[in-house]
There are 4 protein chains.
Amino acid sequence: MSKGRLEAFSDGVLAILITIMVLDMKVPQGADVRALRPLLPVVLSYVLSFVFLGIYWNNHHHLLQAVRHVNGRILWANMHLLFWLSLIPFVTGWMGANHFAAWPVALYGAILLCAGCAYFILTRILIAHHGRDSALATAVGRDVKGKISVGCYVMAIPLAFVHAWLACALYVLVAVLWLIPDRRIEQTLTQQHA
Amino acid sequence: MSKGRLEAFSDGVLAILITIMVLDMKVPQGADVRALRPLLPVVLSYVLSFVFLGIYWNNHHHLLQAVRHVNGRILWANMHLLFWLSLIPFVTGWMGANHFAAWPVALYGAILLCAGCAYFILTRILIAHHGRDSALATAVGRDVKGKISVGCYVMAIPLAFVHAWLACALYVLVAVLWLIPDRRIEQTLTQQHA
Amino acid sequence: MSKGRLEAFSDGVLAILITIMVLDMKVPQGADVRALRPLLPVVLSYVLSFVFLGIYWNNHHHLLQAVRHVNGRILWANMHLLFWLSLIPFVTGWMGANHFAAWPVALYGAILLCAGCAYFILTRILIAHHGRDSALATAVGRDVKGKISVGCYVMAIPLAFVHAWLACALYVLVAVLWLIPDRRIEQTLTQQHA
Amino acid sequence: MSKGRLEAFSDGVLAILITIMVLDMKVPQGADVRALRPLLPVVLSYVLSFVFLGIYWNNHHHLLQAVRHVNGRILWANMHLLFWLSLIPFVTGWMGANHFAAWPVALYGAILLCAGCAYFILTRILIAHHGRDSALATAVGRDVKGKISVGCYVMAIPLAFVHAWLACALYVLVAVLWLIPDRRIEQTLTQQHA
């Protein structure tokens, strides 16, 4: 079974998710620049989610490149990942509309946590299918970044009720971690762990 | 005539349908977790429809893999299937907004029934085009699952007026039937029929 | 220059147009079947536009199959066609919300007329690029159906103000004309003209 | 790393952006032609943004044709471009709803300016990756049009506060500049500069 349509479908869903979030930025009533001020938290949460979905597309792209063939279980593991990502526009909208209040920020972290776990499951199923010595298993490696991200989400959820901005800072940290060019940080982290 | 664009167009439509359903989850007014409670039926109906559209994409993917060439009739049979699937976001929204009341649940079943029939027609036209001895005809086989699904929908529609949750249980049953890895259940069912 | 991305982009735009029309079917307030009755004109206009966009996708698919290479003018002629098609969801919504009143029905015809002309321009530019003896020129032929369609739209626009249902009947006639399997009707029409 | 999915994802995002702008054209209440009059500025701003997004798709298409391989930096430079383009539906809606008032028109120019810079960055990173003597570097050339466009946006933003229509005229000028067949204008401009 070829992976072409799996990529095409995932690209379609991710492209739609990343763009329908714009629909939550309602056109403001006034023509003045002050009419934009209430939109600031909406824009900030949009930027954060845009970057997260961009990271997921990027990683998905890299992951699928090493994939040789797919089966029914892989299709469903991928669909499971897309399900959690599909909830990101909703939590982004809720977080933006409530100026980063505790519950929306915690739920945002919970959805990111579920998506992170779904991505982890997808990589395990792919490696099980391709073998532990495959190029895919080597490419995924020990997935230090993935584990740090999940750790950050787990910390951020309770922190959201102490001070929501601390949780948001953790989300930004995870995003920056993935944006920094791969090799250098991975080497650093691997050395720290060694 | 090649099947590439038929796949691309169907992937596009299915990817959009599966994601625009999220737009029905309106961002709630309050920042409290209690503000999410009225959304529970909306989320449940979203999950159900996400799984159904996922199953259709999955089956469509498998079906098209065995296809060698397409013609005008096949294009329209595919468009007919997409038409019924395109109504799923609407009935999902109606069902979720009305807490699984009788009429919305019955209409949901009716749309699933129409989509199931459209899928059956598509397979027949494809087999007629490729021949009864083609790999496609073998792959589709007796389509026991498809027939059970249609039977469940036919039962669920009147049941929705007796007790709507019975109809919903049947929909979940159909979804589970398709989610269980293919071979085992099919073998079991074939033996039962034999 | 290859035609792959032109097809992919057109597929994407057409897939989105055909599905965002569903968003105009607002979820009704009541859970009763009577709550659906006001939606009837919306559903009817949706079905009509779904078929028209399906016809355009189908024809575009056939047309592009005979294309060998594209240039900047062809990209823009295609974009011009997509522009007029992108207005179909808007006129569909206006027509459905106003129970097929005179002005919306006339505007619907005007948009179809513009899309028909844009399609005609696209075929001319493609033929000019590929040569009058190319497989493409043969495939397009005398385009009898296209000319009849444009004629019907021209008649339908003034007729909408006499009796809107006459105009709608003409739109349905055009749709049926394209849905009937190609060869038979074209042979009949060619013989009538001969 | 292949460029196929980068193209597919960009096509998806651009196709969605160009079509969701139609959702800002709310179906008017009346069935009369006068009900359409308040929509005129919305339609005008839609046409302008449709052309701009069409130009970006067109240029992106040309640019990626000369690309041989991509890396992580290129993926993110492309995502950065898509981010600014994703804000176009929002500013288009704001500009249309406020009849081309000063602030919305200035913000429209600012978003176009950011998108123009993001496109410039993308071309630089691509050229750095492919080498100064690559076919890509030759195809991009001195990018006179790109520089004139950015100059126009920089002028248009303050001009929007003097007279908004002057800024709009500059936007139209840029659009026309890109719509005119490539070679002739580029030769003229190169000679003027020489």
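Counting restarts for each chain: residues are numbered from 1 in the order of the written sequence. As a convention, the first chain written is A and the first ligand written is 1, with the rest following in written order. With pLDDT at 70 or above as the cut-off, local features in this predicted model cover only qualifying residues; side-chain atom pairs require 80 or more to be listed or tallied, and sums for whole chains, interfaces and linings still use all residues. Excluding hydrogens and water, the side-chain values take into account all heavy atoms of the structure.

**Q** Mind showing me how you'd approach the overall build of chain A here?
**A** Strands are runs of DSSP state E lasting at least two residues, helices are runs of H or I lasting at least four, and both sets are numbered from the N terminus onward. Helices and strands together make up the secondary structure of chain A, namely 9 helices and 0 strands. Ordered by position from N to C terminus, the α and β elements of chain A give α-α-α-α-α-α-α-α-α. In terms of overall size, chain A behaves like a compact globule, its C-alpha atoms giving a radius of gyration of 18 Å where 194 residues would be expected to give roughly 16 Å. Taken along the three principal axes of its C-alpha coordinates, chain A extends 60 × 40 × 25 Å. We compute the radius of gyration over the C-alpha atoms and compare it with the globule rule, which gives 2.2 Å times the number of residues raised to the power 0.38.

**Q** Which parts of the structure should I look at to understand the arrangement of the chains?
**A** We call two residues contacting when some pair of their heavy atoms lies within 4.5 Å. Between chain A and chain C there is no contact, and the shortest C-alpha to C-alpha distance separating them is 9 Å. Without any contact between them, chain B and chain D keep their closest C-alpha atoms 9 Å apart.

**Q** Would you explain the interface of chain A and chain B in this entry?
**A** As a measure of interface size, the accessible area lost when the parts come together is often cited. Contact residues are listed per partner, giving 29 residues for chain A and 35 residues for chain B. A 1.4 Å probe defines the accessible area here, and the buried area is the portion of it lost by two parts on being joined, summed over both. Carbon and sulfur atoms make up 76% of the area that chain A and chain B hide from each other, which totals about 2,800 Å². Contact with chain B buries area across many residues of chain A, yet Arg5(A), Trp76(A) and Phe90(A) alone supply 29% of it, more than any other trio. Put simply, a salt bridge is a Lys or Arg side-chain nitrogen that is within 4 Å of an Asp or Glu carboxyl oxygen. On inspection of chain A and its partner chain B, the count reaches 2 salt bridges. Here Arg5(A) ties to Glu7(B) by a salt bridge, and the two come within 3.9 Å at their closest N and O atoms.

**Q** Looking at this model, I keep getting lost on the packing of helix H3 (residues 72-86) of chain B against helix H2 (residues 40-65) of chain C. Mind explaining?
**A** Two measures define how a pair of helices packs: the angle their axes make with one another and the distance between the axes. At a minimum axis distance of 11 Å, the contact between H3(B) and H2(C) shows a crossing angle of 145°. For H3(B) against H2(C), the interelement crossing comes out right-handed. Contact with H3(B), carried on its side by Leu75(B), Trp76(B), Met79(B), Leu82(B), Phe83(B) and Ser86(B), involves Tyr46(C), Val47(C), Phe50(C), Val51(C), Gly54(C), Ile55(C), Trp57(C), Asn58(C), His61(C) and His62(C) of H2(C) and no other residues of that element. Side-chain classes follow a simple rule in which Ala, Val, Leu, Ile, Met, Phe, Trp, Tyr, Cys and Pro form the nonpolar group, Asp, Glu, Lys and Arg form the charged group, and the remainder, Gly included, forms the polar group. Classifying every residue of the contact of H3(B) with H2(C) by side-chain character gives 11 nonpolar, 5 polar and no charged. Lines fitted to the C-alpha atoms define the axes, with helices restricted to the stretch that makes contact. Angles between their N-to-C directions range from 0 to 180 degrees. For a crossing to be left-handed, the near helix must be turned anticlockwise from the far one by less than a right angle; the clockwise case is right-handed.

**Q** What should I look at first to understand the relation of the copies chain C and chain D in this one?
**A** The second copy of the chain is related to the first by a rotation about an axis and a shift along the axis. With an RMSD of 0.0 Å, the fit of chain C onto chain D corresponds to turning through 90° and sliding 0.0 Å along the axis. What the rotation and shift describe, once combined, is the action of a four-fold rotation axis. The C-alpha atom lying nearest the rotation axis in chain C is that of Gly12(C); the distance is 4.3 Å. Both copies present different contact surfaces, since only 7% of the interface residues of chain C are interface residues in chain D too. To superpose the copies, least squares is applied to the C-alpha atoms of every residue with a pLDDT of at least 70 in both.

**Q** Where do I start with the interface of chain C and chain D in this structure?
**A** The partner chain D presents 35 residues to the 29 residues of chain C that form the contact. Between chain C and chain D the total buried area reaches about 2,800 Å² when both faces are included, carbon and sulfur atoms providing 76% of it. It is Arg5(C), Trp76(C) and Phe90(C) that lose the most area in chain C upon contact with chain D, and together they represent 30% of the buried surface on that side. Along the contact surface separating chain C from chain D lie 2 salt bridges.

**Q** Please explain empty space enclosed by the protein as it appears in this structure.
**A** Over the atoms, a rolled probe matching the size of one water molecule traces out where space is still vacant. Only protein atoms enter the 1 Å grid used here. Points where a 1.4 Å probe fits but cannot escape make up a cavity, open sets with protein on both sides within 12 Å along at least five of seven lines make up a pocket, and a residue lines them when an atom lies within 4 Å of a point. Grid points are joined across faces, edges and corners, and a volume is the space filled by probe spheres set on the points. Evaluation of the coordinates by the stated rule reveals 4 cavities of 30 Å³ or more. Here the largest cavity is characterised by a volume of approximately 70 Å³. Lining the largest cavity are Ile16(A), Ile20(A), Leu23(A), Ile16(B), Ile20(B), Leu23(B), Ile16(C), Ile20(C), Ile16(D), Ile20(D) and Leu23(D). When contributions to the lining of the largest cavity are tallied by element, the ones reaching two or more residues are helix H1 (4-20) of chain A, helix H1 (4-20) of chain B, helix H1 (4-20) of chain C together with helix H1 (4-20) of chain D. Considering only residue class, the lining of the largest cavity consists of 11 nonpolar, no polar and no charged. By volume, the second largest cavity is sized at about 50 Å³. The wall of the second largest cavity is formed by Met21(B), Asp24(B), Met25(B), Val42(B), Ser45(B), Tyr46(B), Pro89(B), Thr92(B) and Gly93(B). Contributions of two or more residues to the lining of the second largest cavity are made by helix H2 (40-65) and helix H4 (88-97) of chain B. Looking at the lining of the second largest cavity, its residues break down into 5 nonpolar, 3 polar and 1 charged.

**Q** Would you take a moment to explain a nonpolar patch on the surface for this structure?
**A** Together, Val33(A), Trp103(D) and Phe161(D) make up an exposed nonpolar region whose accessible area comes to about 250 Å². Exposure is judged per residue with a 1.4 Å probe applied to protein chains only, and the accessible area is read against the type maximum: over 50% gives exposed, under 20% gives buried, and values in between give partly exposed. Take Val33(A): its relative accessible area is 32%, and that puts it in the partly exposed class. Each patch is built from residues that are more than 30% exposed by relative accessible area and take part in no salt bridge. Like charges join if they lie within 9 Å; nonpolar side chains (Val, Leu, Ile, Met, Phe, Trp, Tyr) join within 5 Å. In short, Shrake-Rupley with a 1.4 Å probe defines the accessible areas, and a residue's cover is counted only from the protein chains shown.

**Q** Just checking my understanding: could you explain the side chain of Ser149(A) for this structure?
**A** Residue placement: Ser149(A) occurs in helix H7 (residues 144-162). With sequence-adjacent residues up to four places away left out, Ser149(A) is seen in contact with Val174(A), Leu177(A) and Trp178(A).

**Q** When you look at a positive patch on the surface in this model, what are you seeing that I'm missing?
**A** We score Asp and Glu as negative and Lys and Arg as positive, and we do not count His or the chain ends. Where a charge lies is defined by one atom per residue type, namely NZ (Lys), CZ (Arg), CG (Asp) and CD (Glu). A cluster of basic residues, Lys26(A), Lys26(B), Lys26(C) and Lys26(D), forms a positive patch at the surface. With respect to the element layout, Lys26(D) can be found in the loop between H1 and helix H2 (40-65).

**Q** Help me out: how do you make sense of the nonpolar core in this one?
**A** Side chains that are nonpolar tend, in soluble globular proteins, to be buried together. Core analysis: the biggest nonpolar cluster contains 290 residues, and Tyr171(A), Tyr171(B), Tyr171(C) and Tyr171(D) have the highest contact counts within it. The residues contacting Tyr171(C), other than those within four sequence positions of it, are Leu48(C), Phe52(C), Val105(C), Ala106(C), Tyr108(C), Gly109(C), Leu112(C), Tyr153(C) and Ala156(C). By convention a nonpolar core is built from buried Ala, Val, Leu, Ile, Met, Phe, Trp, Tyr and Cys residues, the set being connected through side-chain atoms within 4.5 Å.

**Q** Would you take a moment to explain the side chain of His130(A) for this structure?
**A** Residues and elements named next belong to chain A. Here His-130 lies in helix H5 (residues 102-130). Looking at His-130, the relative accessible area reads 16%, which means it is buried. There is a polar contact of 2.8 Å between the side chain of His-130 and the backbone nitrogen of Arg-68. Once residues within four sequence positions are removed from consideration, His-130 is found in contact with Ala-66, Val-67, Arg-68, His-69 and Leu-136. In protein, a polar contact means a hydrogen-donor-capable atom and an acceptor-capable atom, both N or O and within 3.5 Å, with residues adjacent in sequence counting only if both atoms are side-chain atoms; elsewhere, any N or O pair within 3.5 Å suffices.

**Q** Even after reading the chapter, I still don't get the relation of the copies chain A and chain B, so can you show me in this structure?
**A** With an axial shift of 0.0 Å and an RMSD of 0.0 Å, the rotation relating chain A to chain B amounts to 90°. The residues that chain A uses at the interface reappear at the interface of chain B in only 7% of cases, marking distinct surfaces.

**Q** How should the packing of aromatic side chains be read in this particular structure?
**A** The description of two aromatic rings rests on the distance between their centres and on the angle between their planes. Aromatic contacts are taken between Phe, Tyr and Trp rings whose centres are within 6.5 Å, Trp giving its six-membered ring; a plane angle under 30 degrees counts as stacked, one over 60 as edge-to-face, and the others as tilted. In total, this model carries 40 aromatic pairs over all chains according to the counting rule given. Here the aromatic rings of Trp103(B) and Phe161(B) are separated by 4.9 Å at their centres, their planes lie at 75°, and the arrangement is edge-to-face. In this pair, Trp103(B) is assigned in helix H5 (residues 102-130) and Phe161(B) in helix H7 (residues 144-162), connecting sequence segments 58 residues apart. The partly exposed category is assigned to Trp103(B), whose relative accessible area is 35%. Among the residues examined, Phe161(B) registers a relative accessible area of 41% and is labelled partly exposed. Taken together, a centroid distance of 5.1 Å and an interplanar angle of 40° make the contact between Phe100(D) and Trp165(D) tilted. Here Phe100(D) is found in the loop between helix H4 (88-97) and helix H5 (102-130), whereas its partner Trp165(D) is found in helix H8 (residues 164-179), with 65 residues between them in sequence. Taking relative accessible area as the criterion, Trp165(D) reaches 47% and is therefore assigned partly exposed. Members of the aromatic cluster, each reached through a chain of ring pairs, are Tyr46(A), Phe50(A), Phe83(D) and Trp84(D).

**Q** Quick question: what am I supposed to make of the pattern of salt bridges here?
**A** Two side chains with opposite charge may pair up if their charged atoms get near one another. Tallied over the full model, the rule gives 12 salt bridges over all chains. Salt-bridge contacts for Asp32(B) lead to Arg34(B); the nearest nitrogen and oxygen are separated by 2.5 Å. What makes Asp32(B) partly exposed here is its relative accessible area of 28%. Here the residues in one salt-bridge network are Arg5(A), Glu7(B) and Asp11(B), joined through shared partners.

**Q** Help me out: how do you make sense of H2(B) in this one?
**A** Residues separated by three or four positions in an α-helix point in the same direction, a consequence of the helix having 3.6 residues per turn. Taking 1.5 Å of rise per residue, the 26 residues of H2(B) would be expected to cover 38 Å, and the 38 Å separating its terminal C-alpha atoms lies within 8% of that figure. Counting buried positions along H2(B) yields 20 of 26 residues, so the element is predominantly enclosed. Multiply 1.5 Å by the residue count of a helix minus one, and that product is the helix's expected span.

**Q** In this structure, what is going on with unusual backbone geometry? I would like to understand it.
**A** Across residues other than glycine, the phi torsion is negative in most instances, and most of the peptide bonds are trans. Phi at Phe100(A) is positive, roughly 55°, even though this residue is not glycine. Not every positive phi belongs to a glycine, and Asp143(C) is a case in point at roughly 55°. Note on placement: Asp143(C) falls in the loop between helix H6 (135-140) and helix H7 (144-162).

No statement about biological role is implied by the geometric values presented.
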